[in-house]
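Secondary and tertiary structure notes
Here is what each chain is made of, one letter per residue.
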Amino acid sequence: MINVVFLLLIFFLMTAQIAPPPPLEVELPSSDSDEAAEGPATLYLAADGTLAFREARGDAVFATLAAEPPETLLIRADAAVPAARIAELLPRLAAVGITETAIVTTR
């Protein structure tokens, strides 16, 4: 019996995706959209305006994005962030080569 439990444990460890925790805690805004935003790269925008992308924080995210711009960039912005803040972020992203973005929301 212990062999079966051990084999199941190994199976689940081998098949599980272990993802790192998000760099910033954000409370996503809600929407009625059924379409899920997908993409490998995610930019985080906290309620206090802090930006995070992978290990980069603040204005360093733009240099990191310019080094290897993703095809689509997901933006996980806190619900408390004003839309004007996101709108002023978009030209800076376009300047480093980001042409397509999607804002992540919850249902």
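Residues numbered from 1 in each chain as written. Predicted model: local features only at pLDDT ≥ 70, side-chain atom pairs only at ≥ 80, totals over all residues. Heavy atoms only, no water.

1. Points about the side chain of Thr72
Counting through the fold element by element, Thr72 comes out in the loop between α2 (60-67) and β4 (73-77). Relative accessible area serves as the criterion here: at 14%, Thr72 is assigned to the buried category. What Thr72 contacts, discounting residues up to four positions off in sequence, is Glu38, Pro40, Ala41 and Glu100. (Helix = DSSP H or I, 4+ residues; strand = E, 2+ residues; numbered from the N terminus. Buried < 20%, exposed > 50% of the residue type's maximum accessible area, 1.4 Å probe, protein only. Contact = heavy atoms within 4.5 Å.)

2. Topic: α2
Because each turn of an α-helix spans 3.6 residues, side chains separated by three or four positions in sequence point in the same direction. Buried residues of α2: Val61, Phe62 and Leu65, and no others. The buried residues of α2 occupy an angular sector of 100° when the element is viewed end-on, so they sit on one face. More than 90 degrees from the buried face of α2, the exposed residues found are Ala63 and Ala67. Buried-residue contacts for α2 involve β1 (41-45), β2 (51-53), β3 (56-57), β4 and α3 (83-95). (Arc of directions from axis to C-beta.)

3. Some words on the confidence of the model for the protein chain
Mean pLDDT over the protein chain works out to 82, with 99% of the residues at or above the 70 mark. Highest mean pLDDT in the protein chain belongs to α3 (88); lowest belongs to strand β5 (residues 101-103) (81). (pLDDT = per-residue confidence, 0-100.)

4. Re unusual backbone geometry
Residue Arg54 is not a glycine yet carries a positive backbone phi of 55°. The topology assignment puts Arg54 in the loop between β2 and β3. Classification of Arg54 by relative accessible area gives partly exposed; the value is 43%.

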